[in-house]
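A look at the structure
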Amino acid sequence: MKETDENKPSNRPASVLSIQGNLKRCELYYTVSQASAFIVLKTFGIFQHILCQSCCQRCATKPKTSQEGGASRSSEREMWPQGQRAALAVLPIIVLLWKKVAPIDVPLDPRIQQDLKQPPTIVKQSVKDYIVDPRDNIIIECEAKGNPVPMFWWRRNGKYFNAEKDLRVSMRKRSGTLEISFKSGGKPEEYEGEYQCFASNDLGTAVSNKILLRVSKSPLWPKEVLEPVVVSEGSPLILPCNPPPGLPPPNTFWMNSAMLPITQDSRVSMGLNGDLYFSNVLAKDASTDYSCNARFLFTHTIQQKNPFSLKVMTTRKIPENAPSFLSPSGLHSSKVVLRGEDLLLECIAAGVPTPNVKWFKNGGDLPERKVKFENYNKTLRIVSVSEEDLGDYVCMASNKIGSIRHSISVQVKAAPYWLNKPTNLVLAPGENGQLVCLASGNPKPSIEWLVNGEPIESSLQNPSRDVVGDAIIFRSVQISTSAVYQCNASNEHGYLLANAFVNILDMAPRLLGLKNQLIKVIENHQAFLDCPFFGSPYPDVRWFKNGHGIVLDGVKYRLHNNGTLEIKRARPEDQGTYTFVASNILGKAEDQVRLEVKEPTRIVRIPEHLSANRGSLARFDCRIKHDHTLPITVSWFKDDKPLSFGWISKYKKDEDSMSIHNIHSDDEGTYTCTVTTELDQDSASARLTVLEDDSLSPSKPSAFADRPDPPEDLELSDLSARSVRLTWVPGNENNSPVTQFLVQYEENRWRPGEWQNLSSYASDQNSVILQLSPFVNYQFRVIAVNSVGQSRPSLPSTRYKTSGAPPDVAPSGLKGWGTKKTNMEITWQPLLDTQRNGPELRYVASWRRKDHEEEWNNVTTTSTKHVVRDTETYVPYEIKIQAVNEFGRGPESNIVIGHSGEDKPSAAPADLRVSKIDSTKVNMHWVPVDPRNIHGEFKEYRLYYWREASLLKGLRVTKEKKTKGFYSDVSQNTGILTDLIPYSKYSMYMVVANSKFEGPHSKIVEFETKEGVPGAPKFFKIVQRNTDTIHLEWDKPLEPNGLLIGYTLKYNTVNGTQVGSQQVQSFFPNETEYTIRLPDRFTRYKFYLSARTQVGSGEVYAEESPHFANEVIDSTDALVFATPPPPLPPTTVPTTTITPHVKIWNLTVDANSDYANVSWKHNFPVDSSEFVLEFTLDSNGPMKSVLFKHQPPIKLAGLTAGAKYRLRVYSHEQPSITSEYVTFETSGAYSKDQVDIATQGWFIGLMCAIALLVLILLIVCFIKRSRGGKYPVREKKDLPLDPVDQKDQDGSFDYHSDEDNKPLQGSQTSLDGNVKESDDSLVDYGEGGDGQFNEDGSFIGQYTVKKDKEETEGNESSEATSPVNAIYSLA
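The structure presented is a predicted model; accordingly, all values stated were derived computationally and were not measured. (Residues numbered from 1 in each chain as written. Predicted model: local features only at pLDDT ≥ 70, side-chain atom pairs only at ≥ 80, totals over all residues. Heavy atoms only, no water.)

**Some points on the overall build of the chain**
When you go through the chain residue by residue, the secondary structure sums to eleven helices and 97 strands. Within the chain, the proportion of its 1371 residues that are buried is 41%. Taking contacts inside the chain between residues at least 6 apart in sequence as the whole, the part at least 24 apart equals 65%. Approximately 75100 Å² of the chain is accessible, and the part contributed by carbon and sulfur atoms is 51%. (Helix = DSSP H or I, 4+ residues; strand = E, 2+ residues; numbered from the N terminus. Buried < 20%, exposed > 50% of the residue type's maximum accessible area, 1.4 Å probe, protein only. Contact = heavy atoms within 4.5 Å. Areas by Shrake-Rupley, 256 points an atom, 1.4 Å probe, with all protein chains shown as cover.)

As structure tokens, then:
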């Protein structure tokens, strides 16, 4: 452990040390020392510079101005002794007057927080350089917390900004966030400027950063006419890009007219400025479309420049030349880069052949871990530049002709960065404190203090504070001192602004825990009586037992800083009621704690090692003694795996033992008895050895064999610090050879009276060296073991006490994790009693922030847990543990990395989108979450997605939400989502998850999958309706996965193992049945049916045409026994142990024509059960049995159609366990003698006669309906005509309207249901040739003229020439 600065001897003033703390920079030492000296010396009227000058003389860092000159330096040397004596003289005064108190740690208890007044704290704000999209509304964030709730106001460009007067601007409730909307007009550019948010309440004002609001711009390229570029082959060339200035600046790239990128290599490449460089031009470079493109990432737009036309004049031989630089020019240049940014250095050279570029650094090597070579070695990138990276960098371009060098001088500047950021300070009235603001940068930043947002110089004078350089010193603070202070560190490269409030808190003591707690502890163990409390000023704590004050002598009782009372070793007399009292000047609070001391739990009769023959009974003892007020749980383990006890288990346990029935070789192992209470536990183990065969056992006992007699005459010799020799005399073996000796020990310090196994030895040993642990008072005994069992223990040896020593090992199981977002819990496994090596065992837990150069924090405790509080969320810590006892420190453990607690991620993956949408998968893209917003260990990007609907109308879907995780790392920004259903609409959103929480979800994205191949048809039935046809039926797939365009049926004949040629039939999507004619009744087919979409054919549904009843079936699903089944039930089963309460029930049969599906339920072991199906014809047919090795349901084939069967199921291993008989009947089938009525001659003749009769009747009816009378045309004209196309209310045509069946007056209805005007209209108006058809098909043209003519000519009949009447006359 490193020695901290507080422990090192120092000659600095005590006040300086108390203010400085652990900060080592002399700059801070000077500043704060000056502040301390100012406070004290001002009181006594001593010149301020005496002490300060002495401090600076030691640091030798105080800067001298040019005006001071050499005279001032000599005067300082003359004043040094006097100044030193003056500083030493005021040391006692400084120590007495300066009372530095640690800031108050306010608990997060809601009862405290709700009453705690607190100045405002900014918790969320927009970034300093805030660029917004002109297409969106503007949101400037400002969130703060405080009590009372803060009020918010803004400044814009240094002036008060009245948001209420601007109709476009609104402020969120209980927030300072501004929302600027442009729905009613206006331009975002009108609101550009510098904004600053102020949050105020009664205790102070917090200030946000100055937020520079700018509107993103993506201007067009300037209009320009580019002349063709003509260059000779081998010459260098630069095509300028000069992209339009955008906000933020665009990314540039070069493409041709085909939108393909220009191929780049070591000869042709793009520079950092966007120009395209040719080290030498070749004939193949000639092109008319070199176009520079600018991508504006913020607005997602790309602007394209007019293309260059490059013409190359070729030569027979390209002249070779030495390298020259195209960029940068000259031999020397300089570069300024800010600390933390990436340094980019570029060298692009011309020459033939194309030069190679190499990089060097003068006076040193390139930093390997930070250097990257890009753009074919033309660009040097150094990641995250620091001050050590400044210097001269050299690039060398060379080819076979020569080489050239260019030197770049790199200067590293720095925007301000924190060395010591001021933090909130909570003090009680009358206490002292300080705020220190220390920042660095290049050039050195200036520090400005503000209070409540205003310069501290212009604020009201406060006698309790003094501003000295970079620090504010508070002394004897009062309630009025509460305020929010701002430290502004700035230089020409940027600024830092930090808010830190000073809150003066006065509060009477309050209790935070449960009242009247009951604490139970095991005798001789530590007890901690904890009463959490809070008060300001910090209360005084006292404890009482049964009304009497407790003397805190450090021997029996110890009072911790948090008020917890520790009883180092609890005894029965320590039971009782303890009273806790916390008091300060504002009041007091008290609580009572009841302590109960319990007896320890012990196994007083431990299990002993046992050897037993296979098939016998083994029994292990485990007698327990415990406190009867504590319930216990006794568990048994075999080889560290828990045993289960039940009515079918071979393991049985009672109160004091456990027995194993009918032991086998797999029962051999180590058995452990563990007894557990809510406070402690104890365990003991013994080994069981199974003797497989008595004839092979060397220790086979005789008929009169017995356990051996106990060993005798135990003697200790060769005594040393860590070992001792134990010698004994074996006892009588009692007709069974001893197989081993077991040595046990008992110690009276940690577990008195308990014998524990130490080691075992072979039967030929009786003098052994025992390895011992320090600080243990041993006595030993020996047990002999033979095939019968263990002997009684020998008499114990004399005691031997080993000397103490520091612990030999470090505690194991060290880990650190956070139970809350603001803590880290460090835990470890305690040392065993034999590893303590001495009294007063304690643990030293140490921790520090990983990758922070800081001293180790440590705590010494007797428990196995320590909680580090007030940590930042999920930060790594280095952790180590060390055991310490009265004799010294043990070894330190290896350093383990732990983490503080996790919090909910505060950001969602942005810009979630999809691409490359397929039928079943889609590519996803998103913007990764900043690792700082994970607030924990990254676990995955978790995608939630669900099927909204099918793109097929009417197909219902289940909107089951599914998840998919992407686990690679937090920077992952792409993934593939698979197993989607084609032709569907999906929705999804994404969250980022750490080990405990999910963050907010992204926007919901919808997409539609493309068509895919369909699933299998819903069903495919084969029905053999007669002997020469097969009828097929099917239904559309449950998941068509697109628009069905039809079905494909492939089939071929099968005859045993021979397969005929395949035939293919296609069907429309509305066809779902097909009949195929068989060439003969014995032909069988194999059918393959699939549905089709535009994508292709889907999953195939295969079926085979059914068997006839008289065909012979070689069933591969079952094994038919030729022997009769075993009797039911068997009279004797000598070799089978029937497991009780196992049975077969619920036997069901689903019968078809030639097979049946059989299922049943059972409670046999799944992997080791076989069943037999026994069935017979109900008409006393032969009995058949089928053995099945797989689980139900099963298919029983080869049955006879139309027959009745009786069936039962029984266990193959235990035939007496059987189901009830079930009777079932198969469905009927056609036999070979069955006659098809459709093939009979009488049936065909009858059908022909009926068809002829129907035809005659139709002809007669047609003639009758075609005959009609004459009527006046004028009468017809006066009748209203209905429109031909009557429509329903929904706009569709109704072809079955009642009006269609109403004939007009004087008209007849034709055979097809249409109204005929007359039977002679075809003659009268069909010959003219100029008549026209109307939409309804009737002759309308010149209708009126013809009828007028008819009236003048008389009523002459047209029947002679009418085709309709001609037919009538024939009838």
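**Describing the sheet that holds strand β53 (residues 641-642)**
In spatial order, the strands read β49-β57-β56-β52-β53; together these five strands make up an open sheet with mixed pairing. Whereas interior strands pair on both sides, the edge strands pair on one side only; in this sheet they are β49 (610-613) and β53. (Pairing = 2+ DSSP bridges.)

**Details of the packing of aromatic side chains**
Enumeration according to the criterion identifies 38 aromatic pairs in this entry. Taking 6.5 Å as the distance between ring centres and 45° as the angle between the ring planes, the aromatic pair formed by Tyr 945 and Tyr 986 counts as tilted. With Tyr 945 in strand β75 (residues 938-950) and Tyr 986 in strand β78 (residues 984-994), this residue pair connects regions lying 41 residues apart in the sequence. A relative accessible area of 4% places Tyr 986 in the buried class. (Phe/Tyr/Trp six-rings, centres within 6.5 Å; stacked < 30°, edge-to-face > 60°.)

**Observations concerning the state of the cysteines**
The tally for this structure, following the rule as stated, stands at five disulfides. With its sulfur 2.0 Å from that of its partner, Cys 142 forms a disulfide with Cys 197. Residues Cys 142 and Cys 197 are joined by a disulfide whose S-S torsion is about -75°; by sign, that bridge is left-handed. With a gap of 55 residues between them, Cys 142 in strand β4 (residues 142-147) and Cys 197 in strand β9 (residues 193-201) connect regions that are remote in the sequence. Residue Cys 142 is classed as buried on the basis of its relative accessible area of 0%. Across the disulfide from Cys 437 sits Cys 487; the S-S distance is 1.7 Å. Its S-S torsion of approximately -65° makes the covalent link between Cys 437 and Cys 487 left-handed. Note that Cys 437 is positioned in the loop between β30 (433-436) and β31 (438-442) and Cys 487 in strand β36 (residues 483-491), a separation of 50 residues in sequence. No difference in accessibility class separates Cys 437 from Cys 487, as the two residues are buried. (Disulfide = S-S within 2.5 Å.)

**What about the pattern of salt bridges?**
Opposite charge on two side chains makes pairing possible when the charged atoms of those side chains draw close. Going through the model one piece at a time under the given rule, you end up with 46 salt bridges. The shortest N-O distance in the salt bridge between Arg 751 and Asp 682 comes to 2.6 Å. Note that Arg 751 is positioned in the loop between β60 (738-747) and β61 (756-762) and Asp 682 in strand β57 (residues 681-691), a separation of 69 residues in sequence. Notably, a salt bridge pairs Glu 998 with Arg 942, separated by 2.4 Å at the nearest N-O pair. In this pair, Glu 998 is assigned in the loop between β78 and β79 (1005-1008) and Arg 942 in strand β75, connecting sequence segments 56 residues apart. Owing to a relative accessible area of 29%, Glu 998 belongs among the partly exposed residues under this scheme. The buried category is assigned to Arg 942, whose relative accessible area is 15%. A network of salt bridges, in which partner residues are shared, links Asp 342, Glu 374 and Arg 381. (Salt bridge = Lys/Arg side-chain N within 4 Å of Asp/Glu carboxyl O.)

**With respect to the nonpolar core**
If you look at the biggest cluster of nonpolar residues, it comprises 31 residues, and the most contacted ones within it are Ile 140, Trp 154 and Leu 213. Elements that contribute at least two residues to this core include exactly β2 (129-132), β3 (138-140), β4, β5 (151-156), β8 (178-180), β9 and β11 (211-215). (Core = buried A, V, L, I, M, F, W, Y, C linked by side-chain atoms within 4.5 Å.)

**A closer look at the confidence of the model for the chain**
Counting all residues, the mean pLDDT for the chain is 79, and 79% of those residues have values of 70 or more. Every residue in residues 1230-1235 is under pLDDT 50, and counting partners more than four places away or in other chains gives eleven contacts. Below pLDDT 50 for its whole length, residues 1269-1371 participates in 98 contacts with residues either more than four positions away or in separate chains. (pLDDT = per-residue confidence, 0-100.)

**Section: the environment of Arg 295**
Topologically, Arg 295 is positioned in strand β17 (residues 287-296). With 43 residues separating them in the primary sequence, Arg 295 and Thr 252 have C-alpha atoms 6.2 Å apart. When sequence neighbours within four positions are dropped, the list of residues in contact with Arg 295 reads Pro 250, Asn 251, Phe 253, Thr 301 and Ile 302.

**Considerations on a negative patch on the surface**
Together, Asp 706, Asp 709, Glu 712, Asp 713 and Glu 715 line one region of the surface with negative charge. Asp 713 sits in the exposed class, given a relative accessible area of 57%. (Patch = residues over 30% accessible without salt bridge, like charges linked within 9 Å, V, L, I, M, F, W, Y side chains within 5 Å. Lys, Arg positive; Asp, Glu negative; His and termini not counted. Charge placed at Lys NZ, Arg CZ, Asp CG, Glu CD.)

**Some points on a nonpolar patch on the surface**
The grouping of Trp 1242, Leu 1246, Met 1247, Ile 1250, Val 1254 and Leu 1258 at the surface amounts to a nonpolar patch, some 600 Å² of accessible area in total. Tracing the backbone shows Leu 1246 in helix α7 (residues 1241-1266). For Leu 1246, a relative accessible area of 43% gives the class partly exposed.

**Examining unusual backbone geometry**
Of note, the amide linkage connecting Val 352 to Pro 353 takes the cis form, showing an omega dihedral of 0°. Here Pro 353 lies in the loop between β23 (348-352) and β24 (356-361). Of note, the bond from Asn 442 into Pro 443 is cis; its omega dihedral lies within 30 degrees of zero at 5°. In this structure, Pro 443 sits in the loop between β31 and β32 (446-451). Phi at Asn 157 is positive, roughly 55°, even though this residue is not glycine.

**Brief notes about the sheet that holds strand β35 (residues 471-474)**
If you walk across this open sheet you meet the three strands as β30-β35-β34, and the pairing is antiparallel. Sheet topology places β30 and β34 (465-468) at the edges, where each strand pairs with a single neighbour. Going from strand to strand, the sheet's axes swing by 15° on average, the running direction of each strand aside. Relative to β35, β34 is paired through four bridges, and the arrangement is antiparallel. When the sheet's bridge partners are listed, Val 467 is paired in β35 with Ile 472. (Axes fitted to C-alpha atoms, helices over the stretch in contact; angles between N-to-C directions.)

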